[in-house]
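Descriptive analysis of the structure
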Amino acid sequence: MSCNEAELFIVGTSIDPHIDAVLQRLDGKVSTCRLDVDQYPENSKVSIDIKGGVVDAKVCDRFGNQWDVSHPKVLWFRRLGKPGLKHLSSEYKEFSLGEIEQTIEGLLSVINPIHKINGIWETRLASNKIRQYLFAAKSGLITPHTLISNSPEDSKSWLRTEVSVAKSLSRPVLTTEASEIGKTFVYTNRVTSADIRNAEQIAAVPVQFQRLIKPEYELRVTSFRGEHHVVAIKSSDIHSNRIDWRATATECKYWATRLSSTTSMQLTHMMKLLRLDFAASDFIVDNRGQEWFLESNPNGAWLWLEAFVDEFKFTDRLARQISELITGSK
């Protein structure tokens, strides 16, 4: 079987609609290899031939197409997923996952693209929120006072001096479908006096506390290589303690807007320090117009914004910029 040269090499999952949307816009005009991690190794194959300092990397995708991914023009690391190991005996899964992880990490470390959209290591480092806050401060962005702790004593002391919210550090999914109560989410909530009295419970897992910034509205900023596409979000949530527009996302008000020029430059600088090409960042705008940085997600979503704001056409822009990187017109 012939082996195609991949101009665009995408690493993600088969269920990611953002990859589907970008490829639809590219309309087959770019030679694309897509390694869906959730289909590997059961439905796709990876071979890395190393001879001295020369690497020959090939991928057979889930459709049976053979690709040379040694020197793609663009590598887009979208995200990792859980490998496809449905038919492997459970006693071998831990070993197999380690071998798969090493292979994917190695593949993305030894191939030689001309352009990268978020490398795997840059994405992993940039995803750590604690690290983000320091890089945000270095860039001049304003962030809320924050404590991360599983010490009941330290938490109680801190919470007595700050009106605060509690929020997750990693992801908002608290339990999965496999649990007895089904899939549940932990949203950002205001810390109550009852929470402070029960602070001993946090000894089991660290909690992130942040100074409460009352939002006039919030911003989702979808960024690619110094261009920031901004949507304002006005929450309609009437929950007395919950401070999180995600809980009622379909009921919020959305409109296109812009960052201030200062915040825009600071966000661009932070992304350069983090070595990110793409990120979806969240800000709060208070009643004085101050823009407070909350976090950046290198794997963030944007399609849902296109459903609410006609002017927000990030998929078109991203597909066009990828095409320009491949053709050398940018």
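Residues numbered from 1 in each chain as written. Predicted model: local features only at pLDDT ≥ 70, side-chain atom pairs only at ≥ 80, totals over all residues. Heavy atoms only, no water.

Section: the packing of helix H1 (residues 17-26) against helix H9 (residues 314-327)
Running from amino to carboxyl end, H1 crosses H9 at an angle of 60 degrees, the nearest separation of the two axes being 9 Å. When the axis of H1 is compared with that of H9, the two are oblique. Considering the relative orientation of H1 and H9, their crossing is right-handed. Of the residues in H9, those in contact with Ala21, Val22, Arg25 and Leu26 of H1 are Thr315, Asp316, Leu318, Ala319, Ile322 and Ser323. (Axes fitted to C-alpha atoms, helices over the stretch in contact; angles between N-to-C directions. Helix = DSSP H or I, 4+ residues; strand = E, 2+ residues; numbered from the N terminus. Parallel < 35°, antiparallel > 145°, perpendicular 65-115°, else oblique. Left-handed = near helix turned anticlockwise from the far one by under 90°. Contact = heavy atoms within 4.5 Å.)

With respect to the nonpolar core
Membership of the largest hydrophobic core comes to 26 residues, with the highest contact counts inside it found for Leu8, Val22, Trp76, Trp302, Leu318 and Ile322. Among the elements that line this core, the one with the most residues is H9, at six residues. Beyond its immediate stretch of four places on either side in the chain, Trp302 contacts His18, Val22, Trp76, Arg78, Thr222, Phe278, Phe312, Phe314, Thr315 and Leu318. (Core = buried A, V, L, I, M, F, W, Y, C linked by side-chain atoms within 4.5 Å. Buried < 20%, exposed > 50% of the residue type's maximum accessible area, 1.4 Å probe, protein only.)

Some remarks on the pairing of strand S14 (residues 207-211)
Buried residues dominate S14, accounting for four of its five residues. Relative to S14, strand S9 (residues 146-149) is paired through four bridges, and the arrangement is antiparallel. From the neighbouring strand, Leu147 faces S14, where its bridge partner is Phe209. The pairing of strand S10 (residues 164-167) with S14 spans four bridges and is antiparallel. By the bridge assignment for S14, Val165 is matched with Gln210. (Pairing = 2+ DSSP bridges.)

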